[in-house]
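Observations on chain architecture
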There are 2 protein chains.
Amino acid sequence: MRASSSIAPSNFRAPRALLAKTFTRPRPVAMLTPDTEIYAQGEASGVLYRIEFGAVKIYRLMADGRRQVIAFHFAGETFGFECGQVRSFFAECIVATGLTTVDMDDDGRFPADLMELALKEMVRAQEHLLVVGKQSAIEKLSVFLVDLVERQGGLDSVDIPMTRTDIGDYLGMTIETVSRSLSRLKSEGILRLRSNRSIEILSPNRLSRLASKPWIS
Amino acid sequence: MRASSSIAPSNFRAPRALLAKTFTRPRPVAMLTPDTEIYAQGEASGVLYRIEFGAVKIYRLMADGRRQVIAFHFAGETFGFECGQVRSFFAECIVATGLTTVDMDDDGRFPADLMELALKEMVRAQEHLLVVGKQSAIEKLSVFLVDLVERQGGLDSVDIPMTRTDIGDYLGMTIETVSRSLSRLKSEGILRLRSNRSIEILSPNRLSRLASKPWIS
DNA sequence: CGCTGAGTTGAAATAGCTCAACTCCTGTGG
DNA sequence: CCACAGGAGTTGAGCTATTTCAACTCAGCG
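Since this is a predicted model, take the numbers as computed values, not measurements. Residue numbers run consecutively from 1 along every chain, following the written order of its sequence. Chain labels run from A onward and ligand labels from 1 onward, assigned in the order the entries are written. Local features in a predicted model are, by the rule used here, given only for residues with pLDDT of at least 70; side-chain atom pairs are given and counted only at 80 or more, and totals for whole chains, interfaces and linings are based on all residues. Heavy atoms throughout the structure, all of them, feed into the side-chain values; hydrogens and water do not.

**Considering the protein's contact with DNA strand D**
By nearness alone, 18 residues border DNA strand D, and Ala-137, Thr-177 and Arg-180 of chain A together with Arg-180 and Ser-183 of chain B come closest of all. Distances are taken per atom, and a residue is near a molecule or strand as soon as one of its heavy atoms is within 4 Å of it. Counting only atoms of DNA strand D within 4 Å of the protein, the fraction found in sugar and phosphate groups is 63%. Backbone polar atom of Ala-137 of chain A to a phosphate oxygen of DNA strand D: 2.6 Å apart, as the coordinates give it. Side-chain atoms alone can form a polar contact between residues adjacent in sequence; in general such a contact is a pair of N or O atoms within 3.5 Å, and within protein one must be able to donate a hydrogen while the other accepts it. The separation between a phosphate oxygen of DNA strand D and a polar side-chain atom of Ser-183 of chain B is 2.4 Å. The biggest single contributor to the surface near DNA strand D is helix 4 (residues 175–187) of chain B, with 4 residues. Polar here means any residue outside two lists: the nonpolar Ala, Val, Leu, Ile, Met, Phe, Trp, Tyr, Cys and Pro, and the charged Asp, Glu, Lys and Arg; Gly therefore counts as polar. Here the surface near DNA strand D is composed, by residue class, of 3 nonpolar, 9 polar and 6 charged. The numbering of helices and of strands both runs from the N terminus, where a helix is a DSSP run of H or I of at least 4 residues and a strand a run of E of at least 2.

Right under this line is the structure:
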């Protein structure tokens, strides 16, 4: 499943005529290898990306070298919203990924269709806040896993494309704590580590009880 | 400066004709007393609010009773963005507050002018993530204070309209830790507590060094 | 076959939480 | 005008979860 070629994002800006605002397909697809940088903090913004397959992480670097992962995005999702002329975040492929682009209007605004997506992204960020603000590492990790399960269609077997470091930077904890929490869930029989990047949920109920949907109804 | 009357938000929905999309003033202003609930989790969404004066907190209640404050808003700011038909958050006045409303379009979308505001709100939420994800309590509080300073025009004297509990729920720490961190900043000569709700920044440099703008350039 | 990076596990250090006592401020009623 | 009550804030002491530092395992790959 490894892409055979890696095309820099700036090279595959599609002709405007091809970019229907109604998201009609097919559109040109760029194949990116793992760890490819899609855009960087400080670059000019303007293009939105839609993931055809694969996974992407959005993060920010701090002055002291720490990193905060803002979001993970998977197939079918759109990312790249910014409020200024300049990117505030980095976007990077986690695995082999196929991307298409969505341009802004001539006047520098987004098609109205995308308002909904931007708002959804806002709410997602705010809900992530609830998770990072939680005190317990087990809780955080459970919420993370339940979210992954749901986004992967509710199957027992969950793919974890990102590294422990990514997860730690996403949840605001060290990789050791991520690892220990996973081990704890394993030892309690809630999940099984099929491999480093794939787990099997043995007791979805107990997992989601740990995650305990923080928001009321 | 206490408002003489408190009008429930549902009572001051202005006639559509008055709500110019270009934000022309004057518009009807509702005066709300402190602790007035502007909207609640679960209510129908649709109206945006603009703060003429005062301060508002946006928060969410968790199933276990914990609270996460998502944002504070001050004069000149607009809040109330949602992605669904229903409010995900509570909005409540912190002090006496004057509000005006901005309706959505007939088709349930926001005027295009507001896209920018929504995106700004998204980025704000994502930056809040950086703060809550930080490990040190002193750092978190410093970032919070620096933000307040900037939003109040960079003066030495900062107004803290919210309680320690609000601050704690915003930064993801207990009120005791908020208090201890403030005392620490005080004992180090970085600030002075004029009163519980007003501080004087003695060394803005050292404060912002502690806050150490996490994002590079 | 050994190198490298990712992940795990252990032990000690520590930051923040919890519980509890206390102070301070403010508003109220005598 | 003063006394008092209640809420908000502060401070202390002990406890615990997470971080830190370090050693180790494991898997993939030249």
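Now that the structure is up, let's keep going.
**A word on the protein's contact with DNA strand C**
Around DNA strand C, a shell composed of 18 residues is seen, among which Ser-179, Arg-180 and Ser-183 of chain A together with Ala-137 and Thr-177 of chain B lie nearest. Take Arg-180 of chain A: an N or O atom from its side chain is 2.9 Å from a base nitrogen of DNA strand C. Take Arg-197 of chain A: an N or O atom from its side chain is 3.2 Å from a phosphate oxygen of DNA strand C. Mapped by element, the contributors of at least two residues to the surface near DNA strand C are helix 4 (175–187) of chain A together with helix 4 of chain B. Ranked by the residues each element gives to the surface near DNA strand C, the list is headed by helix 4 of chain A, at 4 residues.

**Focus on the domain arrangement of chain A**
Residues and elements named next belong to chain A. Parsing chain A into structural domains produces domain 1 (9–112) and domain 2 (129–211). In this analysis, two residues are considered to be in contact whenever any of their non-hydrogen atoms come within 4.5 Å of each other. Between domain 1 and domain 2, the residue contacts involve 13 residues of the former and 10 residues of the latter. Using a 1.4 Å probe, buried area is obtained as the accessible area two parts lose upon being combined, added over both of them. A combined buried area of about 960 Å² lies between domain 1 and domain 2, and 57% of that area is made up of carbon and sulfur atoms. By the criterion of area lost to domain 2, the three top residues of domain 1 are Arg-67, Phe-72 and Phe-74, representing 56% of everything that side buries. The salt bridge definition used is simple: a Lys or Arg side-chain nitrogen within 4 Å of an Asp or Glu carboxyl oxygen. Counting across the interface, domain 1 meets domain 2 through 4 salt bridges. Salt-bridge contacts for Arg-67 lead to Asp-169; the nearest nitrogen and oxygen are separated by 2.7 Å. Summed over the shared surface of domain 1 and domain 2, the result is 8 residue pairs in polar contact (both at pLDDT 80 or more). Taken together, the elements giving at least two residues each to the side of domain 1 that touches domain 2 come down to strand 4 (55–61) and strand 5 (67–74). A per-element tally of the side of domain 1 that touches domain 2 places strand 5 first, with 8 residues. Domains are outlined according to an automatic or database domain assignment.

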